[in-house]
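Chain by chain, the residues:
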Amino acid sequence: MFTKNKDGASAQSYVPPADTSKSAPSRTATRSTGVASIICNDMEIKGSINSEGALHIDGVVEGDVTAGDITIGATGKVIGEVKGEAVKVKGEVLGSIRGRRVELETGARVEGDILHASLSIQPNAIFEGQVKHAEDPLKTSAPKAARPAGSDTASSTTKPASTDSKPASTTSAHGTALS
């Protein structure tokens, strides 16, 4: 590009070419190459996170997390709902998890309900909550609390549950049902 100076002489100005190597990758490229966004262990986020790609959390997130593939590292903590195609927990989740494939690894701690198509819980993972299988857990609403035995859904009046009643079922860290 050329311009004229005050004295009428032409001067050359430099326009750098567009650098395409530093541009953000497309969403499909990010997902297919497995490049994950990372929340480092010294970060704390207050608010929800939405991503179509992979997400690795080593810090603290206070809010709902939705992504394609989610890994909560050993130092990671999420206080809110976690929703993704694949959810791997090594750290802590205080809230519900919805995912097609959910894995609780050794050392994981989850306090909340899990809605899944596939679930694996490794030894020494701590899980307190209810588990429900669903063909498509990402489209189904969150798990509902169990109904007391003998409740009639057609009745217009309900009887309050006694104070000594137990939940219908609870699952321990090793997947055995407790009553």
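Conventions adopted
Residues numbered from 1 in each chain as written. Predicted model: local features only at pLDDT ≥ 70, side-chain atom pairs only at ≥ 80, totals over all residues. Heavy atoms only, no water. Salt bridge = Lys/Arg side-chain N within 4 Å of Asp/Glu carboxyl O. Helix = DSSP H or I, 4+ residues; strand = E, 2+ residues; numbered from the N terminus. Buried < 20%, exposed > 50% of the residue type's maximum accessible area, 1.4 Å probe, protein only. Core = buried A, V, L, I, M, F, W, Y, C linked by side-chain atoms within 4.5 Å. Contact = heavy atoms within 4.5 Å.

What follows concerns the pattern of salt bridges. If you walk through the whole model with that rule in mind, you get seven salt bridges. The partner of E105 in a salt bridge is K88, with the nearest N and O atoms 3.8 Å apart. In this pair, E105 sits in the loop between β12 (97–104) and β13 (109–111) while K88 sits in strand β10 (residues 82–89), placing the two residues 17 residues apart along the sequence. You can call E105 buried: its relative accessible area is 16%. For the salt bridge of E111 with R109, the shortest nitrogen-to-oxygen distance reads 2.4 Å. Assessed through its relative accessible area of 29%, R109 is described here as partly exposed. It is possible to trace a salt-bridge network through shared partners that takes in E85, R100 and D136.

Moving on: the nonpolar core. Nonpolar side chains tend toward joint burial in soluble globular proteins. V82, V89, I97 and L104 are the most contacted members of the largest nonpolar core, which totals 22 residues. Broken down by secondary-structure element, the contributors of at least two residues to this core are β6 (54–57), β8 (65–72), β10 and β12. Ignoring sequence-local partners within four residues, the contact set of I97 consists of V82, V87, V89, V102, V110, D113, I114 and L115.

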